[in-house]
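So you can see what is in the structure, the chains are spelled out below.
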Amino acid sequence: MEIIIAFIVVIFLAITLIPFLSVKWKGIITVSTVTIIAVLSSIIAFQSLSGKNFEYLFGGSLVTGIIPVRIDALSGWFIVIINFTCLTAAFYGLQYMKAYRSQKSNLSLHCICFILVQSALISICSLQNMLAFLIAWEIMALSSFLLIIFEHYKRETLNAGINFLIQSHICIMFLTLGFIWVAIYTGSYDFKAIALFSGSNSLLTGVALFLCFSIGFAIKAGFVPFHTWLPYAHPVAPSHISGVMSGVIIKIGIYGMMRMLLLIRTDYLVIGYILLFVSVVSGIYGVMLAIIQHNLKRLLAYHSIENIGIIGIGIGLGCIGIGNGNHLLTVLGFAGALLHTLNHSLFKSLLFYGAGNVYQSTQTMDIEKLGGLGKQMPHTSFLFLMAALAICGLPPFNGFVSEFLIYNGMFTGLQMSGNGLILSIVFGIFGLALIGGLAMLCFTKAFGSVFSGTARHNFHHTPGEANFGKLIPMYAVFILIMAVGLFPKTFITALSEPLHLFTEHSDKYIQAAGLPVTTTMSMIGLCSAGFLGLTGLIFLLKKNMTGSKPQTVNITWACGYIAPTAKMQYTASSFIRAYRKLAEPVFSIHKKKKEIQGVFPKSGGQETHPYDKAEEWFIDYPLQLLKKFFNRFVFLQNGNLQFYILYGVAFITLVLIIPFAFDYIKAFIKFLNHI
Amino acid sequence: MISFILIILVSLFFTGIIVRTKSITSGRKGPGIFQPMKDIFRLFKKGSVYSKTTSFIFQIAPSIYIASIIMAIMVIPLGQYKGIISFDGDFVFFAYVLGTGKFFSIISAMDTGSSFEGMGASREALFSMFAEPAFFILMGSFSLLTGHTSFQEIFASLHFGSYISYILGALATFVLVMITMVENSRMPIDDPKTHLELTMVHEVMILDNSGFDLGMILYATNLKFAMYGALIANLFMGSFPLYLTIPIFFIIQVLFAITVGILESFTARFRMNHNAQYILALSSVSLLIFLGVLLVLKQFS
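Residues numbered from 1 in each chain as written. Chains lettered and ligands numbered in written order. Predicted model: local features only at pLDDT ≥ 70, side-chain atom pairs only at ≥ 80, totals over all residues. Heavy atoms only, no water.

Caption draft 1: Expanded view of the packing of aromatic side chains. Evaluated as defined, the whole model comprises 53 aromatic pairs over all chains. Aromatic pair Phe277(A) and Phe427(A): ring centres 5.8 Å apart, planes at 25 degrees, arrangement stacked. Separated by 150 residues along the polypeptide, Phe277(A) in helix H12 (residues 268–291) and Phe427(A) in helix H18 (residues 419–451) bring together distant segments of the chain. Here Phe151(B) and Phe155(B) contribute two aromatic rings whose centre-to-centre distance is 5.6 Å and whose plane-to-plane angle is 10 degrees, an arrangement assigned as stacked. Of the two residues, Phe151(B) and Phe155(B) both sit in helix H6 (residues 151–156), four residues apart, roughly one turn of that helix. There is no split in this pair, since Phe151(B) and Phe155(B) are both buried. Sitting over the face of the ring of Trp229(A), Lys220(A) holds its NZ or CZ atom 5.8 Å from the ring centroid. (Phe/Tyr/Trp six-rings, centres within 6.5 Å; stacked < 30°, edge-to-face > 60°. Helix = DSSP H or I, 4+ residues; strand = E, 2+ residues; numbered from the N terminus. Buried < 20%, exposed > 50% of the residue type's maximum accessible area, 1.4 Å probe, protein only. Lys NZ or Arg CZ within 6 Å of the ring centre and 35° of its normal.)

Caption draft 2: Layout of the interface of chain A and chain B. Taken together, the 72 residues of chain A in the interface contact 81 residues of chain B. Buried surface at the junction of chain A and chain B, summed over both partners, amounts to about 6,500 Å²; 75% is from carbon and sulfur atoms. There are one salt bridge connecting chain A and chain B. Between Lys542(A) and Asp213(B) there is a salt bridge whose closest N-O contact spans 2.9 Å. The tally of links between chain A and chain B comes to 17 residue pairs in polar contact (both at pLDDT 80 or more). (Contact = heavy atoms within 4.5 Å. Buried area = accessible area lost by both parts, 1.4 Å probe. Salt bridge = Lys/Arg side-chain N within 4 Å of Asp/Glu carboxyl O. Polar contact = N/O pair within 3.5 Å; in protein donor to acceptor, adjacent residues only side chain to side chain.)

Caption draft 3: Spatial organisation of the domain arrangement of chain A. Residue and element names in this part refer to chain A. Segmentation of chain A into domains returns domain 1 (1–207), domain 2 (267–538) and domain 3 (634–674). Averaged C-alpha coordinates put domain 1 and domain 2 at centres separated by 25 Å. Contacts between domain 1 and domain 2 engage 24 residues on the former and 28 residues on the latter. Sorting the residues of domain 1 by area buried against domain 2 places Trp77, Tyr92 and Tyr96 first, and these three jointly supply 32% of that buried surface. Put simply, domain 1 and domain 2 have zero salt bridges between them. Only helix H2 (23–49), helix H3 (73–96) and helix H8 (203–221) provide two or more residues apiece to the side of domain 1 that touches domain 2. With 13 residues, H3 is the single largest residue contributor to the side of domain 1 that touches domain 2. (Domains from an automatic or database assignment.)

Caption draft 4: Representation of the nonpolar core. Ile194(A), Tyr579(A) and Phe94(B) are the most contacted members of the largest nonpolar core, which totals 334 residues. With 19 residues, H18(A) is the single largest residue contributor to this core. Here this core gathers at least three residues from each of two domains, domain 1 (1–207) and domain 2 (267–538) of chain A. (Core = buried A, V, L, I, M, F, W, Y, C linked by side-chain atoms within 4.5 Å.)

Caption draft 5: Representation of helix H7 (residues 192–200) of chain A within the structure. Residue and element names in this part refer to chain A. All of the buried residues in H7 are Ala193, Ile194, Phe197 and Ser198. All buried residues of H7 fall inside an arc of 125 degrees around its axis, so they share one side. Turned more than 90 degrees away from the buried face of H7, the exposed residues are Leu196, Gly199 and Ser200. For H7, the secondary structure elements touched by its buried residues are helix H5 (130–148), helix H6 (155–186), H8 and helix H11 (251–263). (Arc of directions from axis to C-beta.)

Caption draft 6: Fine view of the packing of H18(A) against helix H11 (residues 275–296) of chain B. Running from N to C, H18(A) and H11(B) cross one another at 155 degrees; their axes reach a closest spacing of 13 Å. Here H18(A) is positioned roughly antiparallel relative to H11(B), judged by the angle of their axes. Both H18(A) and H11(B) take part in a crossing whose hand is right-handed. Across from Ile422(A), Leu423(A), Val426(A) and Phe430(A) in H18(A), the residues of H11(B) making contact are Ser283(B), Leu287(B), Phe290(B) and Leu294(B). (Axes fitted to C-alpha atoms, helices over the stretch in contact; angles between N-to-C directions. Parallel < 35°, antiparallel > 145°, perpendicular 65-115°, else oblique. Left-handed = near helix turned anticlockwise from the far one by under 90°.)

Encoded structure:
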């Protein structure tokens, strides 16, 4: 109780204080507030992770009813993830925002919104009253909108921000719809009403209700085809905001889905299949598009879609496990999903911070213009490389652990019977393997062309390493990445309480089912450490054996050519050209080609602009139709004042008539129902 | 442990047999089977030249590459005898740890800033990406067939009974041989003896490596061959005792090496831009195996 009050008081104090401070203090107060909030909420979160659930009932008002604050292990897990990423983002942002010191009022808004986002995210995880939940959701949506449009004087930023705003409200609309549905039948706004409602209705109703909620949450999480806001919003936001968005804001959609899974009693098998299919498609589509992007941050944004897909595969498997009563599958699926949620928040935020360092030292995100930054920015390039390896799911990093759990789940699922099940799991295996390979193609491209080779472009200032203020939070993230990679057993044990929630549906065999998983996990930790050790050993051996041998430095061997220039390097586009040609049917790439003509050609060139086919189909085309439809009513807006007054009168008359005609309408509806 | 030692032993003469086979089929006497290993040892003793465009990644990549392959070898069992590492789902670790090595070899090629090496890196990334699903579906079929999820358990309980299972064995061998060729960049995917950089995959990626590094990379190729050969040999061991498995292991390895030699002598390299489709077709062969497994398990009845 005291903690909640302290939580609220700290937020209010900080928000009222920030506008009146100098720029330097704004940052310091923001960071310290974020830290205090993180500490306060983490105390409860860690307690819940060890099995002590937190519950407090606010009186609320007549409208909302009682507002319960319930923090169980699932909320706890997400709160811990949110806090860690927000903390590193705050520390990183403190340095990153130094470049914008002159925009004083803009910065105050930014600081306030950052605190609001963090507290709204935590509230979403803990509030279990539908109205309060929606309000917290709305606060999160609005404040993240304001965070995104920090550079609002740029047109594309504003466009992306408005795109985000509209889509997050479509998301809220679906959530509201679901909540209204439940509230009408039960008359209560408590989340427990959802369980009550779905428990007392048919399984089909449960599926429909879950789908209604999950469309809402899928928009936030970025499942294909609801992902279109994501590749716009991430690149334009300041880097620490991109990190928070990709790391935790889209994860709140995942939290929502998992919460609904816990609440709604339904046909888990059907939901599992749907989720598995959508997730595999999201994963493959996301990474396929990521490969062809030229903008580094946009590339990372598409990768978020891929990783959401991987998390979704885990959730889908878990649902299939619940549906079939297979505890091991349930444990593996949800453990993979929950751990990947943590992992993705770590390496994705690290990648965005790395991209931020690159942006601030070169002022560009165009991969084709960058190159050879590895030597100028050794720390950034090292951290980016580590995060890139982690996101590809390679050992000894954390991404491998969660992907391994999901793979293991799928191979466990194969042992069950049922053709549909086996075929869908093979589809999943194929998808995940392909995702892994494609991610490797993507990140070898990204790292190779940004940090390796020589510079492709002459910048006004020579790019330099970021200051230590930026690097320290990045190293903190890196340490946690390594910790998950090398000591996966600890983290799996920490997950046992959240996993317990999911297996409770049927039985309480988790300890027995979870046992082989933990031994496997400790084996993986050992193998990863062994791999690191072996690499070190071989490298030392090499140093030892070649120490006395002559080592010369020369130019790169260019097959006899001795004057290679930076322009002769393989570019990012050419690196993926073979792939692009293969996958052409899936993409919609706008090409501009100017052939070289004549004896003395003036110029030639080729431009490719990748566009999203899903956006074409699901956003642009429907919008076009909508516009066409509404254009038919243009005659109503004819600019004539008399007409507008007429509309008003007509409307008022209609409103007045309805109460009189109410009985008739009621009778009519009754008649319709009768039929 | 025993499998690890055997694989290291085989790796010493595997490429030697390939080279010898190739020279015999082309009517030459050819070098002894330990010649490739002697070349590698000579490289180990040499100094090296580093390009000035390269960074630390270029220096450490070969060590990581070979370490990844050694880790992968540790996972491989010998029939019912466990490898050094064995746990549920260890083949996922096998595939992914190889991926780490590949990632580093690709970025170290990019690190040189050479147009040729970038090209090779691009191809390597693309081809190995397409080979991955084939391997996983193959292992998935086996795990479905045997009900286990680790190399050792799968291979120990793999036994041939019906006609379909023989076909499955043949297909699996085919897939594994082809994956070996893809992963090692040999014919018909890539021609290691070609003279034109534009048509190379793996060879062009290591143009700038020299001395100890080059030796490690070349030896890694040998190890990789022996490793995949061991996987193929495992298909035919079942739960035989040691005095049977060791001869089987050597016979299959030698046969495999000779097959590779013959393949390289009598086939032409594919057109580079058709390689990707071809490798993706391997996944369909894997799917065929999977359907065969479903038939064996009588899922369709």
